[in-house]
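A look at the structure
Chain residues, written in single-letter form:
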There are 4 protein chains.
Amino acid sequence: MSANSFGHIFKMTSFGESHGDSMGVLIEGVPSGLEVNSEILNQFLERRRPGQSEVVTSRNEADLPKILSGVFEGKTLGTPIAVTIKNKDQKSEDYKNLPERKGHADKVWKNKFNHNDPRGGGRSSGRETVSRVIAGAFAKMLCLEILKNIKVEAMTQKMGPIEDIELMGGLPTQTGFSDNDLNEEAMEMLLEAKAGGKSYGGVAFCRVSSVSAGLGQPVFKKMKSELASAVMSIGAVNGFEIGDGFEATDKEGSVYHSENTGQYGGVQGGITNGEDITFRVSFKPTSSVLNVAKQGRHDPCIIPRALVVIESMVWMVLADHLLWSRLDNLK
Amino acid sequence: MSANSFGHIFKMTSFGESHGDSMGVLIEGVPSGLEVNSEILNQFLERRRPGQSEVVTSRNEADLPKILSGVFEGKTLGTPIAVTIKNKDQKSEDYKNLPERKGHADKVWKNKFNHNDPRGGGRSSGRETVSRVIAGAFAKMLCLEILKNIKVEAMTQKMGPIEDIELMGGLPTQTGFSDNDLNEEAMEMLLEAKAGGKSYGGVAFCRVSSVSAGLGQPVFKKMKSELASAVMSIGAVNGFEIGDGFEATDKEGSVYHSENTGQYGGVQGGITNGEDITFRVSFKPTSSVLNVAKQGRHDPCIIPRALVVIESMVWMVLADHLLWSRLDNLK
Amino acid sequence: MSANSFGHIFKMTSFGESHGDSMGVLIEGVPSGLEVNSEILNQFLERRRPGQSEVVTSRNEADLPKILSGVFEGKTLGTPIAVTIKNKDQKSEDYKNLPERKGHADKVWKNKFNHNDPRGGGRSSGRETVSRVIAGAFAKMLCLEILKNIKVEAMTQKMGPIEDIELMGGLPTQTGFSDNDLNEEAMEMLLEAKAGGKSYGGVAFCRVSSVSAGLGQPVFKKMKSELASAVMSIGAVNGFEIGDGFEATDKEGSVYHSENTGQYGGVQGGITNGEDITFRVSFKPTSSVLNVAKQGRHDPCIIPRALVVIESMVWMVLADHLLWSRLDNLK
Amino acid sequence: MSANSFGHIFKMTSFGESHGDSMGVLIEGVPSGLEVNSEILNQFLERRRPGQSEVVTSRNEADLPKILSGVFEGKTLGTPIAVTIKNKDQKSEDYKNLPERKGHADKVWKNKFNHNDPRGGGRSSGRETVSRVIAGAFAKMLCLEILKNIKVEAMTQKMGPIEDIELMGGLPTQTGFSDNDLNEEAMEMLLEAKAGGKSYGGVAFCRVSSVSAGLGQPVFKKMKSELASAVMSIGAVNGFEIGDGFEATDKEGSVYHSENTGQYGGVQGGITNGEDITFRVSFKPTSSVLNVAKQGRHDPCIIPRALVVIESMVWMVLADHLLWSRLDNLK
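No experiment lies behind these values; they were computed from the predicted model shown.

On to the overall build of chain A. Each helix and strand counted, chain A has nine helices and 14 strands in total. Carbon and sulfur atoms form 46% of the exposed surface of chain A, whose accessible area is close to 11100 Å².

Right, let's get into helix α9 (residues 303–324) of chain B. The end-to-end C-alpha separation of α9 of chain B is 31 Å, in line with the 32 Å expected for 22 residues at 1.5 Å each. In terms of burial, α9 of chain B is a largely internal element, 22 of the 22 residues being buried.

Let us now look at the relation of the copies chain A and chain B. When chain A is brought onto chain B, the operation consists of a screw motion whose angular component is 180° and whose axial shift is 0.0 Å, with 0.0 Å RMSD remaining. Here the copies are linked by what is in effect a two-fold axis. A shared binding surface is used by both copies, with 100% of the interface residues of chain A retained as interface residues in chain B.

This part takes up the pattern of salt bridges. Summed over all chains, the structure comprises 56 salt bridges over all chains. Salt-bridge contacts for D244 of chain D lead to K251 of chain D; the nearest nitrogen and oxygen are separated by 3.0 Å. Residue class for D244 of chain D comes out buried when judged on its relative accessible area of 14%. According to the relative accessible area criterion, K251 of chain D is partly exposed, its value standing at 21%. Beyond isolated ion pairs, a larger network of salt bridges with shared partners links D21 and K86 of chain A together with K66 of chain D.

The transformation that overlays chain D on chain B combines an axial shift of 0.0 Å with a rotation of 180°, and the residual RMSD is 0.0 Å. Both copies share a contact surface, since 100% of the interface residues of chain D are interface residues in chain B too.

Spatial strand order, β9(C)-β8(C)-β10(C)-β14(C)-β11(C)-β11(D)-β14(D)-β10(D)-β8(D)-β9(D): ten strands in an open sheet with antiparallel pairing. In this open sheet, the two strands that pair with only one neighbour each are β9 (162–163) of chain C together with β9 (162–163) of chain D. The sheet contact formed by strand β10 (residues 202–209) of chain C and strand β14 (residues 277–283) of chain C spans seven bridges and is antiparallel. Paired with F205 of chain C across the strands is R280 of chain C, a residue of β14 of chain C. Strands in contact with helix α6 (residues 223–232) of chain D are β11 (237–242) of chain C together with β11 (237–242) and β14 (277–283) of chain D; relative to β11 of chain D, the strand with the most contacts, it is inclined by about 160°. Here helix α9 (residues 303–324) of chain D sits on the sheet and contacts β8 (151–159), β10 (202–209) and β14 of chain D; the angle it forms with β8 of chain D, its principal contact strand, is near 145°.

Let us look at the interface of chain A and chain B. Listed by partner, the interface residues are 90 residues for chain A and 90 residues for chain B. Here chain A packs against chain B, burying approximately 6700 Å² in sum over the two surfaces, 60% of which is carbon and sulfur. Broken down residue by residue, the surface that chain A buries against chain B is led by K112, F220 and F246 of chain A, which jointly contribute 12%. Put simply, chain A and chain B have four salt bridges between them. Residue K112 of chain A is joined to D328 of chain B by a salt bridge in which the shortest nitrogen-to-oxygen separation is 2.7 Å. Our count for the chain A to chain B interface comes out at 43 residue pairs in polar contact (both at pLDDT 80 or more). Here the element with the most residues in the side of chain A that touches chain B is strand β11 (residues 237–242) of chain A; it accounts for six residues. By residue class, the composition of the side of chain A that touches chain B is 36 nonpolar, 36 polar and 18 charged.

Moving on to the interface of chain D and chain B. At the junction of the two partners, chain D supplies 15 residues and chain B supplies 15 residues. Between chain D and chain B, roughly 1400 Å² of surface is buried when both sides are summed, and carbon and sulfur atoms account for 56% of that area. If you sort the residues of chain D by the area they bury against chain B, R326, L327 and L330 of chain D come out on top, with a joint share of 49%. The interface formed by chain D and chain B contains two salt bridges. Notably, a salt bridge pairs E145 of chain B with K331 of chain D, separated by 3.5 Å at the nearest N-O pair. At the surface where chain D touches chain B, the tally comes to ten residue pairs in polar contact (both at pLDDT 80 or more).

With that settled, consider unusual backbone geometry. Residues P218 of chain B and V219 of chain B are joined by a peptide bond in cis, for which omega reads 0°. Tracing the sequence through the fold places V219 of chain B in the loop between β10 (202–209) and α6 (223–232). Positive phi is not limited to glycine here, since E73 of chain A has a value of about 50°. Here S210 of chain D, not a glycine, exhibits a phi torsion of approximately 55°, which is positive.

Residue and element names in this part refer to chain D. Tracing the backbone through its elements, the reader meets I85 in strand β7 (residues 81–86). C-alpha of I85 to C-alpha of P172: the two residues are 87 residues apart in sequence and 26 Å apart in space. Not counting the four nearest positions on each side in its chain, I85 is found in contact with S22, M23, L45, D63, L64, P65, R127, V130 and I134.

Let us look at the nonpolar core. The biggest cluster of nonpolar side chains holds 328 residues, and the ones touching the most others in it are L318 of chain A, L318 of chain B, L318 of chain C together with L318 of chain D. Apart from residues no more than four positions distant in its own chain, L318 of chain B is found in contact with C143, I150, V152, V208, V211, L215, M223 and I277 of chain B.

Residue and element names in this part refer to chain D. α9 packs onto helix α1 (residues 38–48) with a crossing angle of 140° between their chain directions and a minimal axis gap of 7 Å. Accordingly, the angle class assigned to the pair α1 and α9 is oblique. Where α1 approaches α9, its residues F44, R47 and R48 are matched on the opposing element by R305, L307, V308, V309, E311, S312 and W315. The residue inventory of the contact of α1 with α9, partitioned by class, reads five nonpolar, one polar and four charged.

A few words on the environment of L318 of chain D. All names here are of chain D. Tracing the sequence through the fold places L318 in helix α9. Classification of L318 as buried rests on a relative accessible area of 0%. For the pair L318 and M223, spaced 95 residues apart in sequence, the C-alpha separation works out to 8.9 Å.

A few words now on the packing of helix α4 (residues 129–146) of chain A against helix α9 (residues 303–324) of chain A. Residue and element names in this part refer to chain A. It is at 7 Å that the axes of α4 and α9 come closest, and there the two elements cross at 45°. Comparing the axis directions of α4 and α9 gives the class oblique. The handedness of the crossing between α4 and α9 comes out as left-handed. On α9, the residues touching T129, R132, V133, A135, G136, A139, K140, L142, C143 and I146 of α4 are V308, V309, S312, M313, W315, M316, L318, A319, L322 and L323. When its residues are assigned to classes, the contact of α4 with α9 shows 15 nonpolar, three polar and two charged.

Thresholds, definitions, all that
Residues numbered from 1 in each chain as written. Chains lettered and ligands numbered in written order. Predicted model: local features only at pLDDT ≥ 70, side-chain atom pairs only at ≥ 80, totals over all residues. Heavy atoms only, no water. Helix = DSSP H or I, 4+ residues; strand = E, 2+ residues; numbered from the N terminus. Areas by Shrake-Rupley, 256 points an atom, 1.4 Å probe, with all protein chains shown as cover. Expected span 1.5 Å × (residues − 1). Buried < 20%, exposed > 50% of the residue type's maximum accessible area, 1.4 Å probe, protein only. Least-squares fit on C-alpha atoms with pLDDT ≥ 70 in both. Contact = heavy atoms within 4.5 Å. Salt bridge = Lys/Arg side-chain N within 4 Å of Asp/Glu carboxyl O. Pairing = 2+ DSSP bridges. Axes fitted to C-alpha atoms, helices over the stretch in contact; angles between N-to-C directions. Buried area = accessible area lost by both parts, 1.4 Å probe. Polar contact = N/O pair within 3.5 Å; in protein donor to acceptor, adjacent residues only side chain to side chain. Nonpolar A, V, L, I, M, F, W, Y, C, P; charged D, E, K, R; others polar. Core = buried A, V, L, I, M, F, W, Y, C linked by side-chain atoms within 4.5 Å. Parallel < 35°, antiparallel > 145°, perpendicular 65-115°, else oblique. Left-handed = near helix turned anticlockwise from the far one by under 90°.

Here's what the structure looks like:
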């Protein structure tokens, strides 16, 4: 019944309208004694922040988080952690006299609730994801405390026509591609798109490594189900596949199951098997750019800034199930 | 925290091991006064039942449901509805001395819980889905009471190499294809597969029509997120996409958003917009067939029997959100 | 949102109408590997069973529990445990032509749901508590596994005019008094009441000993709040007090807090402090006896049979919070 | 699993440590379109505020609430409503070098979580109830919108040795007694207590009038169970009885059930019957006063300020069940 909450034990509740007073998040279920690592928190906010490069929206958000509760002398108390971020630079007049925005949630939302905050999409704005990365940062701190080497890495695999077929890994770039050449190509495309009121969707690839076996709960809280629910809750996402996904449908079973290529994506019977968890997420093209291009504070492709949102959702799922697994056995 | 429950208001909890005494389901949240339509219930069980055709497992399950509570004089009481189905024809010796089954959940499950029921996969068996179709049938009854014309139709779009590109609709066939020629082709392939210990995955397509706008709850219980979570909880499913899904990533935004082709899959901002909801689900190839082919009581492709499971999950999501929407407004 | 569920991690859902097919319970959250102790289960059912003595209803319930799922080779699987009990000896005609039953829930229930099962109160019948003692038995097994010496003992402290002022403990009697003389006195009173269509309320006292400190969760799942919620859900209960309760209001604070008499009832700040938990529960007089006395299958005082129901609810709260406390700390 | 949340549909989550940055509350489940009545909000905060009279703690809390989200142009949006209040005037040195505080939760809490905020009790402080009255005010607004004439009135029935036997009603006084003479008597007693480091417990009486029948949900969310859980979560409360409560145990059943004196407290079978809901709550004597009397910022009796906290919890239960009852029937 909690529309704005995510998670079972590690649970976050997101609040705030994009042009209201503040965005915020309430994080419950973090055990007492966890050291707060503000570097992780700031890095997550930084990666999501608009305006870090030419190809993302120039909306200026300082995004300074304020921890209101749940932390004392740098450590969590086992009580709810509330964190808020002031909204500023709102220019709500940008939106006021615009005609209906194509592809936007405004209309369905308005139809559902009768009364809504039209400024910048209100709560349906992508700004809501700032709450997620804050919670994701705390989830990451918790996971690292339990599993020293666990890693979550999301990267761009495809952006409009540009695709990274090899996914060799490497340092993340501005566009999220791990390949420098593709990054340059993509930068060019996005700058052009920004000028011309165009936009692109794409595919993100995510890998979780050094994760323990046994995470996920049968039968409705399978790891694949939890991950799907997590990433499909992100605004522009319209597809999810784990391991081989749709591609698996091309293979005959005796071949498919004999492979040793991570075809299951690290999840069998809904439970992690100890191998890397891998999945892919598809994004439809940004809609905002089409409407307010000239006044422009929107992203021609949302993926570069969405990667950290994906990672945040994944960290939350992992933190949640690491805690949940404490309840599996008698001792 | 309810691993075996699905739904928020309309809520089902599934129980039972495949070779234990019974399978069953507890359905909560159905308002009082709903007439129980046993035709819908039987039809759902029939469509899922093994042994209806040559190309599905011959395991013989009578699957006679017994309603233990929650119904009086043919109508629901507003109290929990418990329904059970006896397990029979179990031949657990089939499984006892088999080597580890490739691609099966047995090992991860065992590793997680230490103690498990190894007979036929126990609770990780596909037999668990019988609980889902029972709950799905009740959900369908409820939805039809609220929205007279609402329809949910899942069909086979792809089975191994065979693909239905046009999806014209039509009466469902044994293989789930709506096209008769493709059905015959698929029948032949599956018979051969059954004989040769082969198996296939595929893709199911699902359409919800005559659904009302305004269903789904922001921001974590978006309709797309709920549907993904629902179908990804089905055993062999490894991918989900709504509307254009992964294909959307090939289109430039100004083109994409100008189309009028159901590209959003009936969901915008996470909320139904009144158009048909459409989504696709991918299945990996069945693993059971590889191990016990000769003793064979397994399906060379699970999709024909899984279609009604998909529909059941969707009916539950719809029933849940139809009830939830009663809480949206002040009056 | 689960009207028929109790508990957060150790969670039971009760189902069944008193004159329907079966009563039952679904128990979730029991870790895998717990040995099922049928002696505990049978003893709990026996203590609740009607007809064990002259002073309780003669309704004949065999109450043979059937475990449908969740247990394999005598040990729990970590999956939902479903247990059912057939209803028999229902004589529903007893109730059919009776005028409205004074003090009964029938009318409010009917008004709420429009459609209800009028036979024997349907789901509002005290028969529902059979589900609770089954779940309570499993909770007791779990608690004993974790805390070897923990004990829960409920006894009659007051029955109509008869009161046990000293509460010395001792073997429980038919009337629940731990004092033999009071038991004889009470037996006499109840036999007379049964013959004369009279009934009595009373007070039960409950003590939990050898319990660990640190159970309960601030701020809304305090141990005292959880216990109150648990016992106030029992049909005839209309009062609850922990430790000194209402009596504490007669003492000045510096006196009250200097005592060492268990005045806090083992709970401070909502958390167990390691001392015995003690509380008292008041019951209003049985209403059934007034209406169907002559046809009589009702108890002139419900407390003797309710003691095990209280204990069951307490075991569930304890099991739940023992599991929950696993999540308090980082390690 | 939400230790800091209360309610099912109308749900509040409380956060904040008494000497941390802020106290706050997140309110979910309020439908869109409710007008925010700041008079109700301010009145509730005013009634709870320390320092309004000589006999309550002089701790100076401005308690200006700030609405961060969920409200636009004076009306609720159907999104989470976050409200915070800055902590000030904290004088944490008052507490730092004090010996262990008798009767306080500090020790059990510390033992449970290892790491805690010792300043003023941290989260176990009575200051936490400020979050409750904010949520209670919103609940009241919602209830009044649905049931124009509904009223919730809590008053002092007993304070130490002073007792109001007649409970005639009347305007609330500083001490919460509705009788002026008793109020004067109590004022005198409390001034003396404050000077002498004494404290008193007592009993509050609460009446809900003009409430609709049919509220409450069988079998574990009965109205009496919900109310008990609600008020027992308040710090110093150690007893609850509905209607006649413990007194009912003195009456023979045929007499008891023939009365027409509100003996059931407006609840039968767990469901409201349309009559006034009445219940009583016992408080143990304040413990703080004993320890820091001279430095004094504590109440010699907590009841005067606790009455609005009780009312707040009741409004929340009512709002929750008014919404829940929308789900009872088919239409």
